[in-house]
Amino acid sequence: MSFATRILILPGLYSSGPEHWQSRWEAEHGFVRVEQCDWETPDRQEWVETLDRAIAADASPVVLVAHSLGCCLVAHWAAAHRGPVRGAFLVAPSDVEAEGFPAGVTGFAPMPTARLPFPSLLVASTDDEYLTLSRAEYFAKCWGARLEVLGPLGHINSASGLGSWPEGFALLRELLETA
């Protein structure tokens, strides 16, 4: 399948391993992963600068496909930058303000709550250990994102056993059609 829009993959903390749906989409569809310098102890400023360079590397439109901390990255980037972003597919954002959020992450809290300047779709599950459903609803409302609640899929990652996650890919295609 060919896409007229560049698709940038934005993994979260520790990146996305080979069984993660993001890695599978990258391999199957030629999407481009934004490689961060430090996946273990991310610094918001460094991650935002890396994303900004990736977006600016080509003037063509881009859609951001983010998971977990990658969703927080999108919100931080949008709060300070502009570029040819057509939309954002935001899957299981980590609540960086939650008590159980992993240590070692610098500068991502507080979570930006300004409306995103592009169409977005936030995908959440009902039993995500890093994001309550009420916080998913709150972030979607703040960001102006459509909310899609999928049921009990955990953090919608490798442990969820989704493979290439065709249901998620169908949601991405919906976003691409409207963005």
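In this convention, every chain numbers its residues from 1, walking through the sequence in written order. This being a predicted model, a pLDDT of at least 70 is required before a residue's local features are given, and a value of 80 or more before pairs of side-chain atoms are given or counted; all residues contribute to the totals for chains, interfaces and linings. Side-chain numbers here rest on the full set of heavy atoms in the structure, without hydrogens or water.

Participant: Would you explain the packing of aromatic side chains in this entry?
Facilitator: Geometry of an aromatic ring pair is reported as the spacing of the ring centres plus the angle between the planes. Geometry of aromatic contacts follows a simple scheme: Phe, Tyr and Trp rings, the Trp one being its six-membered ring, pair when their centres are within 6.5 Å, and the pair is stacked under 30 degrees between planes, edge-to-face over 60, tilted otherwise. Evaluation of the coordinates by the stated rule reveals twelve aromatic pairs. With 5.9 Å between their ring centres and 10° between their planes, tryptophan 25 and tryptophan 165 make a pair best called stacked. Linking tryptophan 25 in helix H1 (residues 21–29) with tryptophan 165 in the loop between strand S6 (146–149) and helix H5 (166–178), this pair joins segments that are 140 residues apart in sequence. Each residue is placed in one exposure class: buried if its accessible area under a 1.4 Å probe, protein chains only, is under 20% of its type's maximum, exposed if it is over 50%, and partly exposed if it falls in between. Classification of tryptophan 165 by relative accessible area gives buried; the value is 1%. Measuring from centroid to centroid gives 5.7 Å for tryptophan 47 and phenylalanine 108, while their planes differ by 85°, and the two rings are edge-to-face. Taken together, the positions of tryptophan 47 in helix H2 (residues 44–56) and phenylalanine 108 in the loop between strand S4 (85–91) and strand S5 (120–124) put the pair 61 residues apart, joining distant regions of the chain. Neither residue differs from the other here; tryptophan 47 and phenylalanine 108 are each classed as buried. Pairwise contacts between aromatic rings join Trp21, Trp25, Phe31, Phe89, Trp165 and Phe169 into one cluster. Working definition: helices are DSSP H or I runs of at least four residues, strands are E runs of at least two. Numbering for both runs from the N terminus.

Participant: Is there a simple way to explain helix H3 (residues 69–80) in this structure?
Facilitator: Given 3.6 residues per turn, any residue in an α-helix points the same way as the ones three and four places further on. Each helix should span, by expectation, one fewer than its residue count multiplied by 1.5 Å. A rise of 1.5 Å per residue sets the reference length of H3, with its twelve residues, at 16 Å; its end C-alpha atoms lie 17 Å apart and thus fit the reference within 8%. Burial analysis of H3 places ten of its twelve residues in the buried class, which makes it a mostly covered element. Looking at H3, one finds that the buried residues are Leu69, Gly70, Cys71, Cys72, Leu73, Val74, Ala75, His76, Trp77 and Ala78. Contact partners of the buried residues in H3: strand S1 (6–10), H2, strand S3 (62–67), S4 and helix H4 (133–143). In this description, contact between two residues means that some pair of their heavy atoms is separated by no more than 4.5 Å.

Participant: Would you mind showing me how to read the nonpolar core here?
Facilitator: Taken as a class, soluble globular proteins show a tendency for nonpolar side chains to be buried jointly. In this structure, Leu64, Leu69 and Trp143 are the most contacted members of the largest nonpolar core, which totals 40 residues. Elements with a contribution of two residues or more to this core: S1, H2, S3, H3, S4, S5 and H4. Among the elements that take part in this core, H3 stands out by supplying eight residues, more than any other. Not counting residues up to four positions away in its chain, the partners in contact with leucine 69 are Gly12, Leu13, Pro42, Trp47, Ser94, Val96, Phe101, Val105 and Phe108. Nonpolar cores are built from buried Ala, Val, Leu, Ile, Met, Phe, Trp, Tyr and Cys residues. Side-chain atoms within 4.5 Å join them into one set. Judged by nonpolar contacts, the second largest core, of 20 residues, contains Ile7, Trp25, Val123 and Leu171.

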